[in-house]
Amino acid sequence: GHVAVLCSAAMPGAAILAARAARRAGAGLATLATECPAIARRLAIAEPGTLVLPGPWPEALLDDARHPVVLAGPGLPPDATTRGTVRALLATGRR
């Protein structure tokens, strides 16, 4: 399968560890999704075996069915934006 991991600019290490764990657990592909261009460049260098999806991740993931599993949580702030994103992703029927 393909797992997308939402990555915050404040704590990208949490998302990196989650993506590594997903790959080790058997996910064929892992994608780190971040809204921060500077973080996207660093992720691409730090994690060569993981895809990086830069840009506004809620919209990018909602419109892309290639990511049947989305991991939201590691390092994301517990705020209204995160809650809204999680609600929107749940409404798509993804796991």
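First, a word on scope: everything that follows refers to the structure included in this document. Everything numeric in this text was worked out from a predicted model, so none of it was measured.

Quick look at the nonpolar core
Side chains that are nonpolar tend, in soluble globular proteins, to be buried together. Of all hydrophobic cores here, the largest spans 13 residues; its most connected members are Val3, Val5, Cys7, Ala15, Ala19, Leu32 and Leu43. Elements supplying a minimum of two residues to this core: β1 (2-7), α1 (12-24), β2 (29-34) and α2 (37-46). The leading source of residues in this core is α1, at five residues. Dropping the residues within four chain positions of it, leucine 43 is found in contact with Cys7, Pro12, Ile16, Leu32, Thr34 and Val52. Counting eight residues, the second-largest nonpolar core is a separate cluster that includes Ala4, Leu6, Ala33 and Val70.

Section: α1
Taking 1.5 Å per residue as the helical rise, α1 with its 13 residues ought to reach 18 Å, and the 19 Å between its terminal C-alpha atoms agrees with that figure. Looking at α1, one finds that the buried residues are Ala15, Ile16, Ala18, Ala19 and Ala22. When α1 is viewed along its axis, its buried side chains cluster within an angular range of 165 degrees and face the same direction. Set apart from the buried face of α1 by more than 90 degrees, the exposed residues are Leu17 and Arg24. The inward-facing, buried residues of α1 contact β1, β2, α2 and β4 (69-71). Residue glycine 26 follows α1 closely and has a positive phi angle near 120 degrees.

About the cut-offs
Residues numbered from 1 in each chain as written. Predicted model: local features only at pLDDT ≥ 70, side-chain atom pairs only at ≥ 80, totals over all residues. Heavy atoms only, no water. Core = buried A, V, L, I, M, F, W, Y, C linked by side-chain atoms within 4.5 Å. Buried < 20%, exposed > 50% of the residue type's maximum accessible area, 1.4 Å probe, protein only. Helix = DSSP H or I, 4+ residues; strand = E, 2+ residues; numbered from the N terminus. Contact = heavy atoms within 4.5 Å. Expected span 1.5 Å × (residues − 1). Arc of directions from axis to C-beta.

The analysis is restricted to geometry; functional conclusions fall outside its scope.
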